Amino acid sequence: MKYSIFQIIKQGIRNNKNWKPTWNDKKPKKKYDVIIIGGGGHGLATAYYLAKNHNIKNVAVLEKNWIGGGNSGRNTTIVRSNYFIEGNTALYEHSLKLWETLSIDLNYNVMFSQRGHLNLVFSPSHRDSLMRKYNIMRLNGIDAEYLNLSQVKKFVPHLNFSSDNRIPILGGFLQKRAGTARHDAVNWGFARAASNLGVDIVQNCEVIKFLREKGKIIGVETTQGKIMSKKIGLAVAGSTSVLAKAAGLGKLPIESHKLQAFVSEPIKPFLDTVVVYGYNHGHFYISQSDKGGMVFGGNLDGYNSYAQKGNLPTYTDVMSAAMAIMPSLGRIKVLRQWSGIMDMSMDGSPFICKTKIPGLYLNAGWCYGGFKAIPGSGWCFAYTIANDKPHKINKLLNLDRYEKGIHIDESGNGPFPKAH
C-alpha cells in the first residue's frame, strides 16, 4: 500500500479499518541468498539496498527481539557529516545525501529535519583545531562555516554568553545541512520498504550458532531452526564481539560501552538546531524533538557493559554540562533515560567489509556515528555483500587497517583500548 494524502482520505472515509501491517512479519524459510543478522537500522537498510540496488530479494533479516527495540531506538537522533578523516568523509557525506531524499525513497516519513548542527568553541586553541578540520570538510565538498560570537548569539540567543561563565563561548562551527530524524521511524521505514521488495523480516529469531563447511559459512542455527545461506552479514552493534566469537572471527578490535541519553518534559519551541560541544570541556549535545522534549546526552560510560540502564554519576555529568551552556533548562523535569550499547573501535571509525571467513561480512565499530550513517552504511554494506568486494566509499573501512597500521583515527585518541 503506497502512502499518500489520497490514501489517508480514502482510509479515513472507511473508518481506518483497511490499513495493512507496516511490514510482513515472516517465519523463516529454509534457505536464502543472503541473511542479515540484526534488525536495527543498519541491517534493515542493508536488506533494502540489496533488494533495490542489486535485485537480491531472497533475503532474511533476523532480529532476536523486535524491530526498533535495539540501539537504533536508543540514540539522540542527530544526523551530520562533519567528519574529517579520509575513509569517513565520503561515507558520512554519502549518507547525508541519502537522508535528504530518504522519506521519498522509502515512501515513509522519517521526519528528517535539516535544522543545522552547531559545534561551540571556548578557547582560541579549540577554535584553531576545529578550523583546520572544518576546512578539510570544505575541501571534500562538505558544507561548513564558522560563526563568530555575535553570529552565535543571533543563531541561538538563549545560550550562556556570560563573560564569567566557566566555559565562555567564543563562536561555533555550523553545518547547516545536518539535523535530526525520528529514530523509530527510520527503522520502520526501512523495514516496510524492504518488506515491500520481498525481504523477509523475522522477529524473535536469535542466532545461536554458525554453520560451516570446509571453512565457509553455510548458514545459521537459530531459535526458529536452521537457516541456510552462503552469504551472511553481521550488523548487530554492541553484540558484535559475542557473535564474532561464535562465528570464529576471534577477538575483534572492539569494546562494548553504554551511552546514555535523556529526554525532558515537553516545552514550547526553544531550540531550532542541534548544539554540541566537546574538546577539553566535557562532551554534550542537545536538540528539541517535534513533541517538545529536550533530547540530550554526553560521554559514554568509561567501563565495558551490556546494560541498557543508567547510573547517577553520568546523570550528574550530563546535567552539569547542560547547565554550563543553558542554565535556563535548570527547572525542566527529565522524564526518562535510556542507554544504547556502542561497539567502540580502537580508532573511532567503523568496519564495512568482508572477513577472513568466506561468506561472512562485517558491519560494526560505529562508536558515536551509527545512527547518522544508517543509509550510507546499508548502501555500502549491500554493495560489498552483493559484489563480494567493497565500494570505493568503504574500501578503507576494513579490519586489515590495524594489521597494516593505516588507522582512521577519527576520535583523536589513537588506537588504544580504554581510551574512548
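Conventions adopted
- Residues numbered from 1 in each chain as written.
- Predicted model: local features only at pLDDT ≥ 70, side-chain atom pairs only at ≥ 80, totals over all residues.
- Heavy atoms only, no water.
- Axes fitted to C-alpha atoms, helices over the stretch in contact; angles between N-to-C directions.
- Helix = DSSP H or I, 4+ residues; strand = E, 2+ residues; numbered from the N terminus.
- Parallel < 35°, antiparallel > 145°, perpendicular 65-115°, else oblique.
- Contact = heavy atoms within 4.5 Å.
- Nonpolar A, V, L, I, M, F, W, Y, C, P; charged D, E, K, R; others polar.
- Salt bridge = Lys/Arg side-chain N within 4 Å of Asp/Glu carboxyl O.
- Buried < 20%, exposed > 50% of the residue type's maximum accessible area, 1.4 Å probe, protein only.
- Phe/Tyr/Trp six-rings, centres within 6.5 Å; stacked < 30°, edge-to-face > 60°.
- Patch = residues over 30% accessible without salt bridge, like charges linked within 9 Å, V, L, I, M, F, W, Y side chains within 5 Å.
- Areas by Shrake-Rupley, 256 points an atom, 1.4 Å probe, with all protein chains shown as cover.

Asker: Before we go on, may I ask you to explain the packing of helix 3 (residues 89-100) against helix 10 (residues 374-387) in this structure?
Answerer: The angle between the axes and the distance between the axes are what describe a pair of packed helices. Packing of helix 3 against helix 10 brings their axes to within 7 Å, and their N-to-C directions diverge by 110°. The orientation of helix 3 relative to helix 10 falls into the category roughly perpendicular. Counting all contacts with helix 3, which are made through Leu 91, His 94, Ser 95, Leu 98 and Trp 99, the residues of helix 10 involved are Ile 374, Pro 375, Gly 376, Ser 377, Trp 379 and Cys 380. When its residues are assigned to classes, the contact of helix 3 with helix 10 shows 7 nonpolar, 4 polar and no charged.

Asker: Could you clarify how one ought to interpret the pattern of salt bridges in this entry?
Answerer: Two side chains of opposite charge can pair, provided their charged atoms sit close to one another. Tallied over the entire structure, the rule returns 9 salt bridges. A salt bridge links Asp 143 to Arg 177; its shortest N-O distance comes to 2.9 Å. One end of the pair, Asp 143, is in the loop between helix 5 (124-139) and strand 5 (145-148); the other, Arg 177, is in the loop between strand 6 (171-175) and strand 7 (179-180), with 34 residues separating them in the sequence. Taking the relative accessible area as the measure of exposure, Asp 143 reaches 23% and is therefore partly exposed. Overlapping salt bridges, with partners in common, bring together Glu 93, Glu 100, Asp 143 and Arg 177 in one network.

Asker: What's the story with the packing of aromatic side chains in this structure? I'm lost.
Answerer: The tally for this structure, following the rule as stated, stands at 18 aromatic pairs. A centroid spacing of 5.7 Å and a plane angle of 55° characterise the contact between Phe 84 and Tyr 134, whose relative ring orientation is tilted. Remark: Tyr 134 occurs in helix 5 and Phe 84 occurs in the loop between strand 3 (78-79) and helix 3; sequence separation between them is 50 residues. Neither Phe 84 nor Tyr 134 differs from the other in exposure class; each is buried. Aromatic rings pair up to connect Phe 122, Phe 262, Tyr 277, Phe 284, Phe 296 and Tyr 315 into one cluster.

Asker: What is the right way to read a nonpolar patch on the surface from this model?
Answerer: Taken together, the side chains of Met 1, Ile 5, Phe 6, Ile 8, Ile 9, Ile 13 and Trp 19 present a nonpolar region at the surface, about 760 Å² in accessible area. Position of Ile 9 relative to the elements: it lies in helix 1 (residues 5-13). The exposure class assigned to Ile 9 is partly exposed, which follows from its relative accessible area of 48%.

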